[in-house]
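# Residue-level structure breakdown
One-letter residues, chain by chain:
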Amino acid sequence: MNLLHSSPSTSLEDEILIRKILLTHDPDGRHLDSELLLTAIENVLNYTAKFQINIDAISTNDISNIEIVGAEESLGQIITKISNALLFRSSSDGDLHERTMVLLDLLGNYRWDAKMVLVLAAFATNYGEFWLLMQLCPCNPLAESVALLRQFPNDLTMLKPRIKALSLLVKTLMDVTKCIIKFESLPFRHVKIYGQAMAAAKSAICLASYWVTRNTLACSSQITDLAMKPEQVCSTSAAAASASWQLISLVYRLSSVHNRLSQWVELCHQQIERKLYQKLINLFQEPHSDNQEVLEVLLALKDALPLQNSSMQPKVDLSELKDKIVILLVSKPDLLPLEGLFLLVQQTYDHPQHNKSDESYEIVWVPISFSDTWTHAEVEMFKLLSNSLPWYSLRRPWLLNSAVVTFIKQTWDFKDDPVMVVLDSQGNATNSNAIDMVLLWGAKAYPFSSSRENRLWEEAKWSMHFLLDEIHPLISRWVEEGRNICIYGSDNLDWIREFNAELKNIRSNGVQLETVYVGKSDMNEHVRCVLDVINEENHTSLHLPLTKLHLFWIRLRSMRRSMLKLVQSISSNHIYREVSALLDSTAEGWAVIGKGNTTEVVTLQGRKVIECLNKFSEWRENVAQLGFMGALRTAFEPPASTEPCNQSNVLPYAEELLEGIFLCEKCKRPMKKYVLYE
């Protein structure tokens, strides 16, 4: 950032100072993660000075790998060099100004935010070492010996007012530095602003950097004083009060600098936010040759390496996503309940179609906190999931720009539930929420566009295969073998016992019928108890684990949500009615009975199930002619008349149609089949 002119509000003295400071400012591209380094400084100062700093959220980040990009010296070397400069003792005020300018000249190749955090890091190191020795002296002989050699005071009681004032000054230094970091992190590379606010902010940044540096030198001088014998530091109470008031006067002056700076920075921030939001809207209306610009504005405004790939690649560039379809998985930091998360992984990276397909797509998890700052619990949950899940995630999602967060919430309707926004290889949004589509069809849904979702529903058939998918290997085998399968749900033990008694009677008459208990849409504690009773009483139903039962109902809810947002065809409307009947069932129980992968499926609710099965002796003679499903349907939907009707139905040819039995929609009797050639 270059300061070409000062703000109209600056005095002549300040303008002269700004020009001198600018002569030392010559950034050459080197930079470091200022915000991350500041968290380490906050930790040190929080243990030494007794003021409250909110380190609940981001301070848990690992800063051991911070490096200064573009510099020959390591972070430790430059901090040591600055630390030595800070400890140089001089009492003249004029010399303090000269030392400030020398220190700014030493840091001339860095940006303003980097200058300030490096100076504060050096100060925190010196201040932290002093207090560490003082705290360890009473219980550690080594610390006591070192303190004696350095002639540290034995009693700090007389110095408490001075220490309190020093702590207040350090807190103000931190506040100003945070404000400078906020300004430097604004995305000026993508959005340009001009006018008085920008000019005033630049001048204020320059002056604030000077006063932060100068007051840090003053604080370091105070540490040098504290390290002397008490009789040298505080020979009188008046001298102690004078030293405290000198520090308080620095606090007032620096607070005034901070107030002016924060005012102009906030105005610049507001202008940037408005322009950035509009830029995002325009980006998704313009053509692009690839997805890089869109992804950079969305994800990389504050981070050159914004992604991580689980724990294998801690820092990933956006170029890894070039020419790929990118699915942005936007959610809260806790993502999904365990069962939903398991299904999502199963339907993407563990899906057979994913391994067979040569298509190129990637999922990027974008967690967003709904609070102003990330909590410690949210950070820990994010770390756990992002290091375990098989897709990309934002490396530090708390750095996501607020305008980007607003855009995501408003444009893609992100509220409480996760959404999966699909961007094609050119960065165009082809589906504002594909999560239900992915949960249903997995990698088969590629390229995950809204048009693809429509086509999948047009091809969908209401069958046991579609309803149960590959929820259990044994069920999948039953479907492939064309067996009769009955799934039923209820939390009424009396109904379940009566239902299974009727099924046992049907099986005893030689009818093959496999049964699966799936619980209830509200998988509460009572359902768990029912499941235990079923297992104890040795019902012939297949006993699915509780996790699998959750997956069954998650899929049903995904079906309904997916269909609700699409233009419905006749077939999908039929599926929608069937799914809604199961999800909204208020009856004491229900059953869905079907044959293999055919569309021969019957749904029965409540007492009607029991009544129909109870009359098996009346309709079992039809099983030999119509098959179990045909006989069940005629029992459930008896013929409207005893005389055959002349109803006909022309269907497109499909090989599986030759084997099935079709009932007339009008008279409910089996229809004769003919093949028409043309």
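Residues numbered from 1 in each chain as written. Predicted model: local features only at pLDDT ≥ 70, side-chain atom pairs only at ≥ 80, totals over all residues. Heavy atoms only, no water.

### Structural notes on the overall build of the chain
- Per the secondary structure count, the chain includes 26 helices and 12 strands.
- Counting over 678 residues, the chain shows a buried share of 51%.
- Within the chain, contacts between residues at least 6 apart in sequence are counted, and of these 74% link residues at least 24 apart.
- For the chain, the accessible surface area stands at approximately 32,800 Å², while carbon and sulfur atoms represent 51% of it. (Helix = DSSP H or I, 4+ residues; strand = E, 2+ residues; numbered from the N terminus. Buried < 20%, exposed > 50% of the residue type's maximum accessible area, 1.4 Å probe, protein only. Contact = heavy atoms within 4.5 Å. Areas by Shrake-Rupley, 256 points an atom, 1.4 Å probe, with all protein chains shown as cover.)

### Let's talk about the pairing of strand β11 (residues 590–595)
- Within β11, 5 of the 6 residues are buried, which leaves it mostly tucked inside the rest of the structure.
- In the sheet, strand β8 (residues 484–489) pairs with β11 via 6 bridges, with the strands oriented antiparallel. Bridging from a neighbouring strand, Y488 pairs with A591 of β11.
- Two elements, β11 and strand β12 (residues 601–605), share 5 bridges in a ladder whose sense is antiparallel. (Pairing = 2+ DSSP bridges.)

### Re helix α17 (residues 450–459)
- Restricting attention to buried positions, one finds in α17 the residues R452, E453, L456 and W457. What you see down the axis of α17 is that its buried residues fit within an arc of 140°, all on one side. Exposed residues lying more than 90 degrees from the buried face of α17 are E458 and E459. (Arc of directions from axis to C-beta.)

### A few points about the nonpolar core
- Counting 118 residues, the largest nonpolar core has I41, L118, L298, L299 and L328 as the members making the most contacts within it.
- Within the second largest apolar cluster, 98 residues are counted, among which are F466, M523, A591 and V592. (Core = buried A, V, L, I, M, F, W, Y, C linked by side-chain atoms within 4.5 Å.)

### Regarding the sheet that holds strand β9 (residues 514–517)
- With mixed pairing, 5 strands are arranged side by side in an open sheet as β10-β9-β8-β11-β12. The sheet is open, and its two borders are formed by β10 (542–543) and β12, each paired with just one other strand.
- Packed on one face of the sheet, helix α26 (residues 623–636) meets β8, β11 and β12 and runs near 40° to β12. (Axes fitted to C-alpha atoms, helices over the stretch in contact; angles between N-to-C directions.)

### Quick look at the environment of F188
- Position of F188 among the secondary structure elements: in the loop between α7 (160–184) and α8 (196–226).
- Separated by 88 residues in the primary sequence, F188 and L276 place their C-alpha atoms 9.8 Å from one another.
- In this view, F188 contacts F183, I193, M198 and I272; residues no more than four positions away in its chain are not counted.

### A closer look at the packing of aromatic side chains
- A complete count under the given rule lists 27 aromatic pairs for this structure.
- When the centroid spacing of 5.0 Å and the interplanar angle of 80° are considered together, the rings of W441 and W457 count as edge-to-face. Here W441, found in helix α16 (residues 435–441), pairs with W457, found in helix α17; they are 16 residues apart in sequence, far enough to count as distant.
- Judged by relative accessible area, which is 8%, W441 ranks as buried.
- Overall, W457 belongs to the buried group, its relative accessible area being 3%.
- Consider the rings of W553 and W590, whose centres lie 6.2 Å apart with planes at 85°: the pair is edge-to-face. A residue pair is termed long-range when its members are at least 10 positions apart, and W553 in helix α22 (residues 546–564) and W590 in strand β11 qualify at 37 residues. By the burial criterion, W553 is buried, and W590 matches it. (Phe/Tyr/Trp six-rings, centres within 6.5 Å; stacked < 30°, edge-to-face > 60°.)

### Focus on the pairing of strand β6 (residues 419–423)
- Counting buried positions over the 5 residues of β6 gives 5, a clear majority of the element.
- Here β6 shows no split at all, with V419, V421 and L423 on one side and M420 and V422 on the other all buried.
- By the bridge criterion, 5 bridges tie strand β3 (residues 325–331) to β6 in an arrangement that is antiparallel. Within the sheet, the bridge partner assigned to V326 lies in β6 and is L423.
- As consecutive antiparallel partners, β6 and strand β7 (residues 429–431) are separated by 5 residues, and within that stretch G427 has a phi angle of approximately 90°, a positive value.

### Some thoughts on the side chain of S463
- Tracing the chain through its elements places S463 in the loop between α17 and α18 (464–468).
- Polar side-chain contacts of S463 include one of 3.2 Å to the backbone nitrogen of F466.
- For S463, the residues in contact, after removing those within four places along its chain, are N597, T598 and V601. (Polar contact = N/O pair within 3.5 Å; in protein donor to acceptor, adjacent residues only side chain to side chain.)

### A few points about the sheet that holds strand β1 (residues 307–309)
- Taken in spatial order, the 7 strands make up an open sheet running β2-β1-β5-β4-β3-β6-β7, and their pairing is mixed. Edge positions in the sheet fall to β2 (313–316) and β7, since each of these pairs with one other strand and no more. Between one strand axis and the next, the sheet turns through 30° on average, direction left out of account.
- With 7 bridges joining them, β3 and strand β4 (residues 361–367) adopt parallel strand pairing.

### So, the side chain of N484
- Along the chain, N484 falls in strand β8.
- Given the relative accessible area of 8%, N484 is considered buried.
- At 3.1 Å, the side chain of N484 and the backbone oxygen of Q512 are in polar contact.

### Overview of the pattern of salt bridges
- Taken as a whole and assessed by the stated rule, the structure comprises 23 salt bridges.
- A salt bridge links K171 to D175; the shortest N-O distance between them is 3.1 Å. Placement of the pair is K171 and D175 together in helix α7, with a separation of 4 residues, close to one helical turn.
- A relative accessible area of 30% means that K171 is categorised as partly exposed.
- Because the salt bridges share partners, they merge into one network encompassing D33, D303, R395 and R396. (Salt bridge = Lys/Arg side-chain N within 4 Å of Asp/Glu carboxyl O.)

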